[in-house]
Amino acid sequence: MASSSLPITRLAMTCLARHQPTAAILGLKPSMSVHHRSQASLYSSEAVPRSKPANSKYKVVIVGGGSGGCAVAAKLSSLGKSCAVVEPSDLHYYQPIWTLVGGGLKGFQSSVRPMGQVLPSSIDWIQDKAVKFDPENNNLELSSGDKVKYDYLVVAMGIQLDYDKVNGLVDALENDPVVVSNYTPRWVNKTFPAMQGFRGGNAIFTYPNTPIKCAGAPQKIMYLTEEFLRTTGMRENSNIIFNTAQGVIFGVKKYADALQKVIQSRNIQVNYKHNLVSVDHKERTAVFANLDKDNELVPFKYNFLHVTPPMSSPDVLKKSPLVNEGGWVDLHKHTLQHVKFSNVFGLGDCTSLPNSKTAAAVAVQCGILHKNLTDTMEGKKPTSLYNGYASCPLITSREKCILAEFDYNLQPQETLPINQGVERKLAYGMKAYLMPELYWQVMMKGKWNGPATIRKVLHLGMSKSSKLQA
Ligand code: FAD
Ligand code: UQ1
């Protein structure tokens with residue numbers, strides 16, 4: 001069995017058999033899992049930000065220390081101080097758990113660890129922001145004014161949250177307790193208190209007119225809210241409304257059909273092609289443009305409003321020579337090598353790859369990128385090919401989930417030898433208990449390349465062979 005399947009088997013046994021929350025599995029009290037820098041520095045294996053000026057040269061520079069950057073850094077950790085990660089933040093977030101934080105099912109502290117404990121200690125951590133890319137000269141400028149030279153560059157800067165593109169939204173999120181958003185650590189802790197305080201009326205959930213990360217998250221929190229209101233006796237007085245700028249509920253037909261059944265059985269109203277354009281929190285009114293009717297403005301009164309903001313590539317990238325016309329890092333969609341600069345690779349949410357933007361996709365991309373980067377460094381051609389695998393655990397209640405897995409062609413690529421297009425407790429257990437451990441203990445150590453090996457074993461070689469990897 002390939003090495004990637006061993007750690008997950010162990011984790012599955014510990015997490016699913018015991019069915020205990022993360023902190024308990026780690027033997028931590030909830031409050032112990034977040035360390036401030038002073039506490040964190042007690043750990044000898046921790047990466048510390050370098051203090052000398054960064055006018056230096058590295059073999060590999062990784063920009064961004066999120067899911068993709070840290071996973072690649074772990075794979076390259078044997079390069080030691082000839083590899084550096086440029087990352088400004090003190091903290092690393094496991095964002096997929098924010099849906100459960102918003103739903104009151106996990107504590108926020110389970111989503112966060114000090115960056116120094118997640119980055120490998122053997123490499124250099126440059127705690128700064130990249131502000132200018134000069135790929136013609138293999139050069140990167142930091143906000144400090146320092147310059148860093150590299151032989152190879154990996155771009156993993158994530159996606160930018162454009163809350164300010166919706167008039168009145170930031171003001172509403174700051175000042176109205178019933179306007180919430182699971183997409184950022186700044187506001188995710190508002191969601192559950194707003195659910196608890198809801199006394200009837202319109203509960204509205206939005207999906208913007210841009211690419212976003214985790215396309216399922218805008219509706220997952222809706223299902224959790226709808227269920228919560230049933231348990232508190234508030235459901236009868238309420239309208240649950242999903243206003244999406246998209247024309248479909250989900251991009252993969254098999255899972256869209258399953259979600260339609262959930263929506264019908266739970267009496268949820270869906271308005272397609274409705275794009276949020278402004279929020280007036282004093283009037284508790286959200287205004288949507290109807291994209292099918294010449295942007296006709298449609299006001300909705302709200303008593304609870306969960307907003308998924310518009311998103312785009314980070315501004316620093318948009319103005320760089322690395323991107324396509326949409327602003328995304330322009331990569332070959334199978335090799336993850338830059339289309340113009342052969343010493344540049346990228347992965348994750350900031351890229352042009354037409355997969356669904358998820359951490360599950362990043363895990364597979366990380367394995368492909370590592371192989372192709374090291375081959376390129378040895379003068380070979382990149383041969384490892386990404387098939388667009390992404391996964392989205394579509395939580396439909398506090399105990400059930402539809403585990404969507406699919407590729408670039410929007411064809412299901414299911415790991416379990418059972419139909420994943422139905423709501424299952426097993427899938428919820430995987431999402432809530434297995435995935436966080438898989439992320440922290442395996443992916444962040446550079447040892448998780450996605451579930452392809454497990455899928456092959458569980459399907460006993462029945463899946464079609466392909467040169468593309470998932
Ligand atoms: P990120 O992890 O966002 O990291 C980007 C990093 O780049 C950050 O650390 C940032 O500080 C850094 N950076 C930004 N600008 C600069 C700069 N100028 N210089 C240096 N560094 C910079 N995925 C799933 O697989 N399953 C799920 O169920 C799921 N649910 C989700 C639910 C929510 C609410 C959210 C918000 C996300 C969810 N995701 C899920 C998506 C997943 O978290 C992302 O797709 C994943 O984190 C992307 O990894 P990344 O490395 O591309 O970006
Ligand atoms: C996955 O690999 C992954 O990355 C760690 C996730 O991120 C949070 C996921 O949510 C999922 C579903 C996967 C896919 C893994 C399996 C075992 C189906």
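On a predicted model such as this, the values are computed, not experimentally measured, just so you know. (Residues numbered from 1 in each chain as written. Chains lettered and ligands numbered in written order. Predicted model: local features only at pLDDT ≥ 70, side-chain atom pairs only at ≥ 80, totals over all residues. Heavy atoms only, no water.)

Caption draft 1: Main features of the sheet that holds strand β16 (residues 296-301). Judged by pairing direction, the sheet is antiparallel, and its 3 strands sit side by side in the order β14-β15-β16 without closing on themselves. The open sheet has two free edges, formed respectively by β14 (274-280) and β16, since each of these has just one partner strand. In this sheet, adjacent strand axes meet at a mean angle of 30 degrees when their direction is disregarded. Bridge count between strand β15 (residues 285-290) and β16: 6 bridges; the pairing is antiparallel. Along β16, the bridge assignment pairs Ala-286 with Phe-300. (Pairing = 2+ DSSP bridges. Helix = DSSP H or I, 4+ residues; strand = E, 2+ residues; numbered from the N terminus. Axes fitted to C-alpha atoms, helices over the stretch in contact; angles between N-to-C directions.)

Caption draft 2: Expanded view of the packing of aromatic side chains. The tally for this structure, following the rule as stated, stands at 13 aromatic pairs. Here the aromatic cluster, defined as three or more aromatic residues joined through ring pairs, consists of Tyr-93, Trp-98 and Phe-108. One cation-aromatic arrangement involves Arg-113 over Trp-440; the distance from NZ or CZ to the ring centre is 4.3 Å. Looking at Lys-357, its charged tip hangs above the ring of Trp-328, at a distance of 4.4 Å from the centre. (Phe/Tyr/Trp six-rings, centres within 6.5 Å; stacked < 30°, edge-to-face > 60°. Lys NZ or Arg CZ within 6 Å of the ring centre and 35° of its normal.)

Caption draft 3: Local environment of the site of ligand 2. Not every one of the 16 residues close to ligand 2 is listed here, only the nearest: Tyr-94, Tyr-389, Ser-391, Glu-405 and Trp-448. In the environment of ligand 2, an oxygen atom lies 2.8 Å from a nitrogen or oxygen atom belonging to the side chain of Trp-448. Summarising the interface, the protein chains cover 97% of the accessible area of ligand 2, which totals 440 Å² for the free molecule. The set of elements that each furnish at least two residues to the shell around ligand 2 consists of α12 (359-377), β21 (390-395), β22 (401-406) and α13 (425-442). Residues belonging to the shell around ligand 2 are distributed by class as follows: 13 nonpolar, 2 polar and 1 charged. (Near = heavy atom within 4 Å. Polar contact = N/O pair within 3.5 Å; in protein donor to acceptor, adjacent residues only side chain to side chain. Areas by Shrake-Rupley, 256 points an atom, 1.4 Å probe, with all protein chains shown as cover. Nonpolar A, V, L, I, M, F, W, Y, C, P; charged D, E, K, R; others polar.)

Caption draft 4: Geometry of the confidence of the model for the chain. Averaged over all residues, the pLDDT of the chain is 91; the fraction at 70 or higher stands at 88%. Low pLDDT, under 50, characterises residues 11-43; the predicted model gives this stretch 53 contacts beyond four residues in sequence or across chains. (pLDDT = per-residue confidence, 0-100. Contact = heavy atoms within 4.5 Å.)

Caption draft 5: Highlighting the site of ligand 1. Around ligand 1, the structure places 33 residues, and the nearest of them are Gly-68, Glu-87, Asp-349, Ala-359 and Ala-360. Residue Asp-349 places a main-chain N or O atom 2.9 Å away from an oxygen atom belonging to ligand 1. A distance of 2.9 Å separates an oxygen atom of ligand 1 from a polar atom in the backbone of Ala-359. Taken by itself ligand 1 offers 1,000 Å² of open surface, and the protein chains cover 90% of this. When contributions to the shell around ligand 1 are tallied by element, the ones reaching two or more residues are α4 (67-75), α5 (98-102), α9 (217-231) and α12. At 3 residues, α12 tops the list of elements feeding residues into the shell around ligand 1.

Caption draft 6: Representation of the environment of Pro-208 within the structure. By the element assignment, Pro-208 lies in the loop between β11 (201-207) and α9. It is 5.4 Å that separates the C-alpha atoms of Pro-208 and Ala-245, two residues lying 37 residues apart in sequence. For Pro-208, the residues in contact, after removing those within four places along its chain, are Ala-245, Gln-246, Asn-275, Thr-308, Pro-309 and Pro-310.

Caption draft 7: Examining the pattern of salt bridges more closely. Taken as a whole and assessed by the stated rule, the structure comprises 16 salt bridges. Here Glu-378 ties to Lys-380 by a salt bridge, and the two come within 2.9 Å at their closest N and O atoms. Since its relative accessible area comes to 47%, Lys-380 is described here as partly exposed. The network of salt bridges with common partners includes Glu-226, Arg-230, Arg-235 and Arg-266. (Salt bridge = Lys/Arg side-chain N within 4 Å of Asp/Glu carboxyl O. Buried < 20%, exposed > 50% of the residue type's maximum accessible area, 1.4 Å probe, protein only.)

Caption draft 8: Looking closely at the nonpolar core. Among the nonpolar cores identified, the biggest contains 144 residues, and Val-61, Ile-62, Phe-133, Leu-140, Leu-153, Phe-250 and Tyr-386 are the most heavily contacted of them. Ranked by residues supplied to this core, first place goes to α13 with 10 residues. In contact with Val-61, not counting residues within four places along its chain, are Ala-84, Val-86, Leu-140, Val-148, Lys-149, Tyr-150, Tyr-152, Leu-153 and Val-154. (Core = buried A, V, L, I, M, F, W, Y, C linked by side-chain atoms within 4.5 Å.)

Caption draft 9: The arrangement of α4 in detail. Among the 9 residues that make up α4, 9 are buried, leaving the element largely enclosed by the rest of the structure. Listed as buried for α4 are Ser-67, Gly-68, Gly-69, Cys-70, Ala-71, Val-72, Ala-73, Ala-74 and Lys-75.

Caption draft 10: Geometry of the sheet that holds strand β10 (residues 179-180). Read across the open sheet, the 5 strands follow the order β10-β17-β11-β12-β13; overall the sheet is parallel. Sheet topology places β10 and β13 (269-271) at the edges, where each strand pairs with a single neighbour. Alignment of β11 against strand β12 (residues 238-244), held across 7 bridges, turns out to be parallel. Within β12, the position partnered with Thr-206 by the bridge is Asn-243. Of the strands in this sheet, β11, β12 and β17 (304-306) are in contact with α9, which crosses β12 at around 175 degrees.

Caption draft 11: Just the environment of Tyr-150, in detail. Structurally, the position occupied by Tyr-150 is in strand β8 (residues 147-155). C-alpha of Tyr-150 to C-alpha of Ile-62: the two residues are 88 residues apart in sequence and 9.6 Å apart in space. Sequence-distant contacts of Tyr-150, that is, excluding residues within four places in its chain, are made with Lys-57, Tyr-58, Lys-59, Val-61, Asp-134, Pro-135, Asn-138, Asn-139, Leu-140 and Asn-343.

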